[in-house]
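# Coordinates in review
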Amino acid sequence: MPLRGPLTVDYRNVEALNRAYLGLLRSNTAARASLGELSASLRHRIASLTRQQVERLAGTPFLLLSLRERDDRLWDQLLCGAGELPVGPPSDDLDRLRSAALGFVWQLARQNPYTLRLTCGASLHWCERIAERTLFGLLAAVAPYPDLLVLRRHDDHEWWQKLLVDGVSRDTAISRAAHMSALQTVLTRQAVSVPRRWAVAACKTTRPELQVADS
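Residues numbered from 1 in each chain as written. Predicted model: local features only at pLDDT ≥ 70, side-chain atom pairs only at ≥ 80, totals over all residues. Heavy atoms only, no water.

## Considerations on the environment of Arg56
Residue position: Arg56 is located in helix H4 (residues 51-58). Placed 113 residues apart in sequence, Arg56 and Ser169 show a C-alpha to C-alpha distance of 7.6 Å. With near-sequence residues (within four places) excluded, Arg56 lies in contact with Gly167, Val168, Ser169, Arg170 and His179. (Helix = DSSP H or I, 4+ residues; strand = E, 2+ residues; numbered from the N terminus. Contact = heavy atoms within 4.5 Å.)

Following this line, the structure appears as structure tokens:
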């Protein structure tokens, strides 16, 4: 079956999520906690981007936020649990962004995992596991982990330095080149480790072929 590339609407969704995340980093203290190991100077820069710079950076062809797609241990725990949606006051803006991002990746995992891998550098295994869940089940599974959403490659200062300088340039050729260079890094980073079989085996699955492969 030929692979279907990203659609215009996919890039529009990526841009919308990026714009919302960068906007929160300018105004939301809880969102800035997601910057992880980013240096103080880069933290200040990303949180003080002008609206025009936010628009330019949001146009990257990949998600600037991460759902820790390559953390096998975390996702083993999340998907093996019997999570429940929390009952309480309405979620804040960061929670709503996380739910929107999860809805987007879930939809792509089911309809076009190739595009999902392009937009967040995820493994095919992760895409398959996400696709097996209902959207409600996925949201319930991650509910106990409020820190799921983090800045992509927050420990890669050189990568972010380039994005926050060249990636927000008024010169379209310069910003575009920076975005594509960053995408190449996302796609060619070291492959995720082989999933831990004992953790995966503990989960119930509706895909018997995966069970056979693991055994």
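## Observations regarding the nonpolar core
Grouped together as the largest cluster of nonpolar side chains are 54 residues, with contacts concentrated most on Ile46, Leu57, Trp75, Trp126 and Trp160. Sorting elements by how many residues they give to this core places helix H6 (residues 93-111) first, with 9 residues. Those residues in contact with Ile46 that sit more than four places away from it in its chain are Leu22, Leu25, Leu35, Leu38, Leu151, Trp160 and Leu164. (Core = buried A, V, L, I, M, F, W, Y, C linked by side-chain atoms within 4.5 Å. Buried < 20%, exposed > 50% of the residue type's maximum accessible area, 1.4 Å probe, protein only.)

## So, the packing of aromatic side chains
In the structure shown here, the tally under the stated rule is 3 aromatic pairs. On the numbers, 5.8 Å between centres and 40 degrees between planes, the contact of Phe62 with Trp159 is tilted. A residue pair is termed long-range when its members are at least 10 positions apart, and Phe62 in the loop between H4 and strand E1 (65-66) and Trp159 in helix H10 (residues 157-165) qualify at 97 residues. With a relative accessible area of 7%, Trp159 lands in the buried category. (Phe/Tyr/Trp six-rings, centres within 6.5 Å; stacked < 30°, edge-to-face > 60°.)

## Quick notes on the packing of helix H1 (residues 8-27) against H4
With their axes 8 Å apart at the nearest point, H1 and H4 run at an angle of 140 degrees to one another. Of the two elements, H1 crosses H4, and the hand of that crossing is right-handed. Between H1 and H4, the contacting residues are Glu15, Asn18, Arg19, Leu22 and Arg26 on the first element and Arg51, Val54, Glu55, Leu57 and Ala58 on the second. Here the residues of the contact of H1 with H4 sort into 4 nonpolar, 1 polar and 5 charged. (Axes fitted to C-alpha atoms, helices over the stretch in contact; angles between N-to-C directions. Left-handed = near helix turned anticlockwise from the far one by under 90°. Nonpolar A, V, L, I, M, F, W, Y, C, P; charged D, E, K, R; others polar.)

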